[in-house]
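A look at the structure
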Amino acid sequence: TKFLSFRIEKTKPPTSAPPPHMHSLAVVMMTMLLSSKPFASAFFIAVGPSGPASRTALRLSTASAAARIPLAGSDFESTCGSAAQISANLGLYKSHVSDRRGDPSSLDPLEGLSKERTRLIKERDAALQRVNALSKEIGKVMKGGGSEEDVAAVKASVEEAKATASAASDSLDVVQSQVDGIIQSLPNLLSDDVPPGADDSSNVVISTHGDTSALPTSLGWSSENYTPRWHDTVLSEMGCYHPERSVSLSGARFSLLTGPGARLERALTHYFLDQALEAGYTEVSCPVVVSRGPLTGTGQLPKFEDDLFRLHDFQARGEDAFLIPTGEVPLTNMHAGEVLSGPVRYVAATECFRKEAGSYGRDTRGLIRCHQFRKVEVVEACPPAESGRRHEAMCDFAQGLLEGLGLPHRKVLLCSGDVGFGASKCYDLEVWLPGMDEYREISSVSNTRDFQARRCNLKIVDPDDPKGKKKVFAHTLNGSALAVGRAVVAVVENYQMPGGGIR
């Protein structure tokens, strides 16, 4: 099956039956569809009798989902296996990397490195066995009355075997480092229901909630005079947003709120936390400084180090220390290296820190994209069979927060080219911002399956094992519930009054 996307552009609406040249175009299209030869894209221009003014441009693109090997029906359950597992399923992995618009050739060295690793392990172990055997031989030679030359010869053989084992071990460390680098840079496998696409333009809107025109009417706006302003303008007029002072303190992309603005931020944080507690989450107060280990466990390292704030004069657990980019990092790693007896559900309100290295020049105004921002994060770890259901429930919970605030929003399923590195499937919740006249992300809710659990060695007792002895890698989920700064933006822009201020 080929997945296709079409874009048709017409300068004039059709007023009669398609001319003959359009039938020819249709024949060309169908020929390509039925052809067994793959094609990436094609662009057709059909010029009718009236010339270029009535031309029709139609673009076809084979979407990558046709090439992506599905997980369902395969014998491969893991999403982040060992080098041997990945090598044995190389085609599957390459198809998913390609569908994410990555470079599948980055996996090519893995098979050779795995074979070399196996060879070096055998060479090292054989040399160590020889060392043990020869060491015993020295005593036998001495007890048997062997000459000094005989003893010296055996000792020389021992040293030679030790040197061979040491060299093999050193080479093995180098190979293992290369293998680890490839595996740690490998994104998660995609769920089968993730749609194909190169970027966010291919994301699928699942549902839309709320009437964007109803709220302004209830606030006293008429359709003629409704001119919503940006949140920073409204807050500045209220005297509680001070960009020039935050710049004097910290530079660009930081914020400073006072009075009603600060109280609104605090109130939203408490509301989100209280709702999470009612939903059964356990609140956590956690560090905002972590070592490399936790960031590697959740997938931020090594790939996204350029976007992290590293503390240059401080170490954590003997490793480089970083400010957390999200509460997901400490919450997911709380049980790293442990075996859970059952599912866990946590919530935390934390400050988050990101350099926004790839966002230069974008969203420089207001509170939309800051280096430091507050976010309420929910995280769950559960048996594999439960993660799909829990993912939907987590998204429903985050949506409930937006509904409780009366904010128009929509639920979006991210396509393969837009899903985050560690996620197998992700929903974005986008809130309507009338000042900006667009929907913007306020929450991402992800199912990472066993991707993070394998990286941080988090297991759970298999509930299907009647004896309760079988342990499996847990599935982890995380979601913003919600990004507090953007919630402030949404409340201010949606609830702004005609005469100024907000309700």
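Everything quoted here is computed from the prediction, not taken from an experiment. Along each chain, residues carry numbers from 1 onward, in the same order as the chain's sequence is written. At least 70 in pLDDT is required for a residue's local features to be given in this predicted model, at least 80 for side-chain atom pairs to be given and counted, and no such filter applies to totals for whole chains, interfaces and linings, which use all residues. The basis for the side-chain values is all heavy atoms of the structure; hydrogens and waters are excluded.

1. Observations concerning the nonpolar core
For this analysis, a nonpolar core means a set of buried residues of the types Ala, Val, Leu, Ile, Met, Phe, Trp, Tyr and Cys, connected via side-chain atoms within 4.5 Å. Only protein chains enter the accessibility calculation, which uses a 1.4 Å probe; a residue whose area is less than 20% of its type maximum is buried, one above 50% is exposed, and one in between is partly exposed. Within the largest apolar cluster, 47 residues are counted, with the highest numbers of intra-cluster contacts made by Leu 235, Leu 268, Phe 272 and Leu 407. Going along the chain from the N terminus, every DSSP run of H or I of four or more residues is numbered as a helix, and every run of E of two or more is numbered as a strand. Taken together, the elements giving at least two residues each to this core come down to α7 (231-237), α9 (260-278), β11 (372-382), α12 (387-404), β13 (425-433), β14 (438-449), β17 (475-483) and α14 (484-494). In terms of residue count, α14 provides more of this core than any other element does, 7 residues in total. We call two residues contacting when some pair of their heavy atoms lies within 4.5 Å. Phe 272 has contacts with Val 376, Phe 397, Leu 401, Leu 405, Ala 481, Leu 482, Val 484 and Ala 487, leaving out every residue within four places of it along the chain. Residues Leu 90, Tyr 93, Leu 110 and Ile 183 belong to the second largest nonpolar core, which totals 19 residues.

2. A word on the pattern of salt bridges
Between Lys or Arg on one side and Asp or Glu on the other, a salt bridge is scored when a side-chain nitrogen of the former is within 4 Å of a carboxyl oxygen of the latter. Taken as a whole and judged by the stated rule, the model has 30 salt bridges. As a salt-bridge pair, Glu 159 and Lys 162 come within 3.9 Å of each other at their nearest N and O atoms. Within this pair, Glu 159 and its partner Lys 162 are both found in helix α5 (residues 148-184), separated by 3 residues, close to a single helical turn. Here Arg 292 and Glu 305 are joined by a salt bridge, their closest N and O atoms 2.8 Å apart. Note that Arg 292 is positioned in helix α10 (residues 292-298) and Glu 305 in the loop between α10 and β7 (310-316), a separation of 13 residues in sequence. Overall, Glu 305 belongs to the partly exposed group, its relative accessible area being 25%. Salt bridges sharing partners connect three or more residues here, namely Arg 345, Glu 380, Glu 386, Arg 389 and Arg 390.

3. Some remarks on the packing of α9 against α12
Note on method: axes are straight lines fitted to C-alpha atoms, helices fitted across the in-contact stretch only, with angles between N-to-C directions ranging 0 to 180 degrees. In the contact formed by α9 and α12, the axes pass within 11 Å of each other and the chain directions differ by 130°. Looking at the two axes, α9 sits oblique to α12. The chirality of how α9 crosses α12 is right-handed. Contacts between α9 and α12 involve Tyr 271, Phe 272, Gln 275 and Ala 276 from the former and Phe 397, Gly 400, Leu 401 and Gly 404 from the latter. Following the grouping adopted for this structure description, the nonpolar residues are Ala, Val, Leu, Ile, Met, Phe, Trp, Tyr, Cys and Pro, the charged ones are Asp, Glu, Lys and Arg, and the polar ones are all others, Gly among them. When its residues are assigned to classes, the contact of α9 with α12 shows 5 nonpolar, 3 polar and no charged. Any angle that falls under 35 degrees is termed roughly parallel, while one over 145 is termed roughly antiparallel, one within 65 to 115 roughly perpendicular, and all others oblique. Take the far helix as the reference: if the near one is turned anticlockwise from it by less than a right angle, the crossing is left-handed, and if turned clockwise, right-handed.

4. Remarks on the sheet that holds β17
Strands pair, by our definition, only if DSSP identifies at least two bridges between them. Ordered by their spatial adjacency, 8 strands build an open sheet running β4-β12-β13-β14-β17-β11-β10-β5, and the pairing between neighbours is mixed. Either end of the sheet is taken by a strand with one partner, and the two such strands are β4 (204-209) and β5 (282-283). Contacting β4, β10 (344-353), β11, β12 (409-413), β13, β14 and β17, α12 crosses the sheet at an angle of about 5° to β17.

5. Quick look at the sheet that holds strand β8 (residues 319-323)
Strand pairing in a sheet relies on backbone hydrogen bonds. The paired strands run either parallel or antiparallel. With respect to topology, 3 strands assemble into an open sheet ordered β6-β8-β7, the strand pairing being antiparallel. The outermost strands of the open sheet, each flanked by one partner alone, are β6 (289-291) and β7. Averaged over all pairs of adjacent strands, the angle between strand axes in this sheet comes to 45°, irrespective of strand direction.

6. Focus: the side chain of Lys 411
In this fold, Lys 411 is placed in strand β12. Two N or O atoms count as a polar contact when they lie within 3.5 Å, although within protein this holds only if one can serve as hydrogen donor and the other as acceptor, and sequence-adjacent residues are included solely when both atoms are side-chain atoms. Among the polar contacts made by the side chain of Lys 411, one reaches the side chain of Glu 392 at a distance of 3.5 Å. Once residues within four sequence positions are removed from consideration, Lys 411 is found in contact with Val 204, Val 205, Ile 206, Ser 207, Glu 392, Cys 395, Gln 399, Tyr 427, Asp 428 and Leu 429.

7. Here we look at the packing of aromatic side chains
Any Phe, Tyr or Trp ring, taking Trp's six-membered ring, that has another such ring centre within 6.5 Å forms a pair; planes under 30 degrees apart are called stacked, those over 60 apart edge-to-face, and the others tilted. Scanning the model with the defined rule gives 6 aromatic pairs in all. Measuring from centroid to centroid gives 5.7 Å for Tyr 271 and Phe 272, while their planes differ by 50°, and the two rings are tilted. On the basis of relative accessibility, which here comes to 0%, the residue Phe 272 falls in the buried class. In this analysis the charged atom, NZ for Lys or CZ for Arg, is taken to sit over a ring once it is within 6 Å of the ring centre and within 35 degrees of the ring normal. Directly above the ring of Tyr 281 sits Arg 345, whose terminal nitrogen or CZ lies 4.0 Å from the centroid. One residue, Lys 411, lies across the ring of Tyr 427, its end atom 4.3 Å from the ring centre.

8. Let's talk about the pairing of β8
Where a strand is regular, its side chains alternate between the two sheet faces. Relative to β8, β6 is paired through 3 bridges, and the arrangement is antiparallel. In the strand pairing of β8, Val 289 is matched with Leu 323. Pairing of β7 with β8, which is carried by 4 bridges, proceeds in the antiparallel orientation. Counterpart to Gln 315 in the pairing with β8 is Asp 320. Taken together, β7 and the strand that follows it, β8, pair antiparallel across an intervening segment of 2 residues, in which Arg 317 is found at a positive phi of about 55°.

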